[in-house]
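# Observations on the three-dimensional arrangement
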Amino acid sequence: MPTHTFTLNGEQVSVDVEDDVRLLWVIRDVLGVTGPKYGCGINVCKACTSHYNGKAFNPCSVPVSAIGPEDEITTIEGLADGDTLHPMQQAWIEHDVAQCGYCQPGQIMAAVAKVNQVKAEGRELDDDAFSEIRNICRCGTYQRIREAAKAGAENM
Amino acid sequence: MPAHRAPLLRPRPRSEDEAPHHKDVSRRKFLGYIIAAPTLVVAAEIGRQSLFDAGSAFGAPNASAAAIPSPPQPAELYEFVDSYRDACRPTNGLLKVVVERDGTVSFALPRSDNGQGIMTSFAMIIAEEMGIEPEQVNVTLADARPELVFNQLTGGSSATYSIYSPVRVAAAIAKGALLDAAAAQLGQDKRTLQTAGLTVVDTAGRALPFGELAEKAASPVTKAVEVVLKEKNDFTILGKSRGKDDARAMVTGKKQFTMDIQVPDALHTVICRAPDLNGFPNGTPANIDEVRGMPGVEAVEMIGNGIAVGARTTGQAFDAVNALQVDWAPGTLAGKSDADVVSELRAAELPLAVPSVVGTTLEQSFVHHARNGSALETNCAIVDFKDGKAEVWAPAKSPIAGQKIVAQKLGIPMNAVTFHVVPGGGSFGRRLFNDHVQEASEAAKAFGRPVKLMWDRANDCRQGRVKPLCTTRIRAVVTKDAVASFELRYTGTNMEVDEGFAEMITSQAIKAPGGNLGISEAFWNISVTTPYNFGVNTAVMNEVESGFNTGSTRNVYGPDTCTAREVMVDRIADQLGKDPYEFRAEFIKNARLKKVLDRAAEEADWGKSMEPGTAQGIAVHQEYKAAMACVVELDCRPETVNRKVRSGRTGPRVTKVTFVVDPGLLLNPLGYEAQMMGGINDGIGWALTGGLHLKDGHFVEASWDNFFYTRQWNTPPEMNIVVVDDSDFPDPGGAGEAGVPATMAAVVCAWRKATGKEPEYTPLLHEEPFPEGFTEYPTSPPIPESPTDGLEYTYG
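What you see is a predicted model, and the numbers here were worked out from it, not measured in a lab. (Residues numbered from 1 in each chain as written. Chains lettered and ligands numbered in written order. Predicted model: local features only at pLDDT ≥ 70, side-chain atom pairs only at ≥ 80, totals over all residues. Heavy atoms only, no water.)

What follows covers the overall build of chain A. The secondary structure content of chain A amounts to five helices and five strands. The helix and strand sequence of chain A, counted from the amino end, reads β-β-α-β-β-β-α-α-α-α. The globule rule puts the C-alpha radius of gyration for 156 residues at 15 Å, and the 15 Å found for chain A is close to it. For chain A, the spread of C-alpha atoms along the three principal axes comes to 45 × 30 × 30 Å. Looking at the 156 residues of chain A, the share that counts as buried comes to 67%. Of the charged side chains in chain A, 13 are positive and 22 negative, and the gap between their average positions amounts to 9 Å. (Helix = DSSP H or I, 4+ residues; strand = E, 2+ residues; numbered from the N terminus. Rg over C-alpha atoms; globule rule 2.2 N^0.38 Å. Buried < 20%, exposed > 50% of the residue type's maximum accessible area, 1.4 Å probe, protein only. Lys, Arg positive; Asp, Glu negative; His and termini not counted. Charge placed at Lys NZ, Arg CZ, Asp CG, Glu CD.)

And the structure:
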């Protein structure tokens, strides 16, 4: 069984698992890091959104073999700086965004990346930008997601 | 028996304008018990209130010169939430607020929290009565407790309404007992003492920790205690916004859902299911041994609903499920499509029965398509079975029935099953059922290993429970200035209810006006009203055995019947040449609904000038002891309707929602508003985009890019939710489902106005071609294969 090495939330990890197992299951079922959630397995619901070298991606649709030793994977567990929450996490608490909370790790990771993207492209975080966020929230917290993302963006 | 009054409470003078039809619950004495225990354990019994004491929750009649009064309907006086509250009364004495030896206060809530925030609001309720802070109350979800009988069900937006008072009573008695113990120890008059933090303090500032008092306040024998509850005017916690207690855990990934719980040696387990809805395997798969040898696979066994596969990772279980070669028997709807089911419903529709009277007859008919009941967390459960005992973890809303199912499947006594209720990742009615608990039990027995069973998304959509496909018909007879008769008929594929819920309704239905009905009909009678003075007013339902797997899915009959009613109300207003808002204001039956309607019209600037192709829509609803009014603005212009989102449904866009709700007693404004927001987004989805297509015996929809629940590109950029904080109604009404019906109705009313067309079905886009990029996933193999190109879609 092949060994795969990469950086997960700042720590180097090595796992023995078949090449084609999707990274989501390596993270959740083998490494026991459960922040990224399963919601579809086909890259449409975005509940597992995490960061690959600082960019948003969905580990349900990436085989572990596509990740190399130099790659850094960040899940929601690695977003805060120790006990100091990321501004987006803080904004999420202040706006009481989460209802059940199941999609929210992915929503927060997506919001951070979307803010980075629109800043880099010189765009506003407006209705068009939010309409590009595909993460589904079945509790329907979309308005609070928008408010919190705007507040979080100001402190990023 | 020692009776006491909690100190520092002033009787509130009865104000002149207090609605006389509402009993002032807070000034009555309540009975509870200090339970025989080594530390302070308090339980409430509220068994003495008479039935039907709710009176009319909706206030004084709304006077109108022209309207022909309609007699009261059962649900105006006695709703489902009343029925459930009554079912809980005999066992409220088993709900316990405990002051532990370490001074902490704890309460095991016998309900299921799937995002409603009830763990937070019950901490607030207990803290309010005890004079402590909510974060000092440790609220957990109770394990299944069969002795609670009906008092451990979560559904119908009844969680808070059903046990708000008993929990307050238990908390108030706990506080009184602590004060008694402190008074004895300090040699002081109890009336000079109060709680502060987790201590009792006297006027000199001396403080005794609860931990020191807990054992002294305990009683060696169970004794009855009478108590008076805190007045609303003295509330310092209830009525003020509070974020969720688990907010930090949720944003850091630390909140544990069922599949996040680590159980040693557990196998990640997925079921291979049939292509047809409710199909089943004809014998063992030909290649079962080959699949047993696939990478990561550790067990493959036949169980009731298919073939269970257990593997080291969920992904490897998916692969093995897809590799199985199975001969499937046809399902319960084999070969059928939507149109076939609609024909069956049409054939079963009941006649409109009121004899014709003089006036203009308006008729209307809708098909309301089935809706996906999937939560974001798919159906899941853990069962660990060894040495004749089982431990279960699941997000269950009917855990006592679940515990019974586990015991039956494993062949062990119920008391050998410990059933932990885990906070769920959404419910919307799904978690009232224990289908997955049954499967996990069967798999655990077959594997001889602990099982972490999770449904894959495609089958959660296709084989999971759905909101029933139904029709509504209305006939109204309109005179020159009023409505002489209003007849509503609902015909649906049968609504299934969980065993625990069914027993509860059966036990209570006889008490409802017109009782002794079947379960669905009983539920209909105590949930559906037409809140207008429309003369002869009838609302009748019937259901057809159908072969679907159904469930309530966030508001049972409300959204579809409300939509049908409110569209007809607009048509009647048109007929009479009246404005839709002014017509409603004139004909609405009661003061509470009139008040929210007026407020919504004002907040939304009803009647303002709108661009061609856009329109406002207005609708009202009453249910769960709450009154709701919604005004939406809908944009049906081509440039909006034809927006492109990759493989996403766009169409008409709701650009603004104004939603006004009178919730009864408001406990946590922030949490209540959140529930309305969720319900509003559901209502928009059910009106426009979210419907299931049955095709050749299976649902087409297998993912979130197939089933069009509201997404960011559909949700309104503007949403103004007004939660009335001075309701006349003294109890907290239901919140979880209250946002849906009026919103769905207002959107359909706005669409009718913007397009000039008469709607005939919901969702309104149901017959549109699927959007560009839509993927129709095969039913065999059963699980769509996970892509491998995820790194091509990164951003940031």
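Each partner contributes to the interface: chain A provides 72 residues, whereas chain B provides 80 residues. Contact between chain A and chain B buries roughly 6,300 Å² in total, counting both sides, with carbon and sulfur atoms accounting for 56%. Where chain A touches chain B, the interface holds eight salt bridges. A:K37 serves as the salt-bridge partner of B:D260, at 2.8 Å between the closest nitrogen and oxygen. Joining chain A to chain B, the criterion identifies 38 residue pairs in polar contact (both at pLDDT 80 or more). (Contact = heavy atoms within 4.5 Å. Buried area = accessible area lost by both parts, 1.4 Å probe. Salt bridge = Lys/Arg side-chain N within 4 Å of Asp/Glu carboxyl O. Polar contact = N/O pair within 3.5 Å; in protein donor to acceptor, adjacent residues only side chain to side chain.)

Moving on, we get to the packing of helix 16 (residues 580-587) of chain B against helix 17 (residues 591-603) of chain B. All names here are of chain B. Contact geometry of helix 16 with helix 17 gives a least axis separation of 10 Å together with a crossing angle of 160 degrees. One way to sum up the angle between helix 16 and helix 17 is to call them roughly antiparallel. The handedness of the crossing between helix 16 and helix 17 is left-handed. Here Y581, R584 and A585 of helix 16 lie close against helix 17, whose contacting residues are K594, L597, D598 and A601. (Axes fitted to C-alpha atoms, helices over the stretch in contact; angles between N-to-C directions. Parallel < 35°, antiparallel > 145°, perpendicular 65-115°, else oblique. Left-handed = near helix turned anticlockwise from the far one by under 90°.)

Residue and element names in this part refer to chain A. Examined at the domain level, chain A breaks down into domain 1 (3-77) and domain 2 (87-154). Once you take the C-alpha centre of each, domain 1 and domain 2 turn out to be 21 Å apart. Each partner contributes residues to the interface: domain 1 has 14 residues there, and domain 2 has 12 residues. Counting the surface lost from both domain 1 and domain 2, the interface buries some 1,100 Å², and carbon and sulfur atoms represent 67% of this. Where domain 1 meets domain 2, there are zero salt bridges. Linking domain 1 with domain 2 are five residue pairs in polar contact (both at pLDDT 80 or more), by the criterion used here. Residues that form the side of domain 1 that touches domain 2 fall into these classes: six nonpolar, six polar and two charged. (Domains from an automatic or database assignment. Nonpolar A, V, L, I, M, F, W, Y, C, P; charged D, E, K, R; others polar.)

Now for the state of the cysteines. Residue and element names in this part refer to chain A. Tallied over the full model, the rule gives zero disulfides over all chains. This cysteine, C103, is not joined by any disulfide, and C137 carries the nearest cysteine sulfur, 3.8 Å off. Using a relative accessible area of 5% as the deciding quantity, one classes C103 as buried. (Disulfide = S-S within 2.5 Å.)

Turning next to the sheet that holds strand 19 (residues 417-421) of chain B. Residue and element names in this part refer to chain B. What the seven strands build is an open sheet, ordered 12-13-10-20-17-18-19; its pairing is mixed. Two strands close off the open sheet at either side, each with one partner strand: strand 12 (297-303) and strand 19. Between one strand axis and the next, the sheet turns through 20 degrees on average, direction left out of account. In the sheet, strand 18 (residues 389-394) pairs with strand 19 via five bridges, with the strands oriented parallel. Residue pairing for strand 19: E391 is matched across the bridge by T418. The strands touched by helix 10 (residues 399-410) within the sheet are strand 17 (380-386), strand 18 and strand 19, with strand 19 carrying the most contacts at an inclination of about 145 degrees. (Pairing = 2+ DSSP bridges.)

The next thing to look at is the domain arrangement of chain B. All names here are of chain B. Examined at the domain level, chain B breaks down into domain 1 (21-248), domain 2 (260-332 + 379-454) and domain 3 (349-370 + 465-762). Between the C-alpha centres of domain 2 and domain 3 there is a distance of 37 Å. Counting residues at the interface gives 15 residues for domain 2, matched by 21 residues for domain 3. Summed over both partners, the interface of domain 2 with domain 3 comes to about 1,400 Å²; 49% of that surface belongs to carbon and sulfur atoms.

Sites flagged by UniProt as "domain: [2Fe-2S]-binding" (unreviewed entry) map to residues 75-150 of chain A. What you have in residues 75-150 of chain A is 51% helix and 0% strand, and the ends, taken at the C-alpha atoms, are 21 Å apart. (UniProt positions renumbered as here; feature names shortened; annotations may be inferred.)

A few words on the sheet that holds strand 6 (residues 194-196) of chain B. Residues and elements named next belong to chain B. The three strands are arranged 6-7-8 in an open sheet whose pairing can be described as antiparallel. Two strands bound the open sheet, and with one partner strand each, they are strand 6 and strand 8 (207-209). Direction aside, neighbouring strands of the sheet carry axes that sit 35 degrees apart on average. Where strand 7 (residues 199-201) and strand 8 come together, three bridges link them in antiparallel fashion. Its bridge partner being in strand 8, V200 is matched across the sheet by L208. Across the sheet, helix 5 (residues 210-217) lies against strand 6, strand 7 and strand 8, angled at about 70 degrees from strand 8, the strand it touches most.

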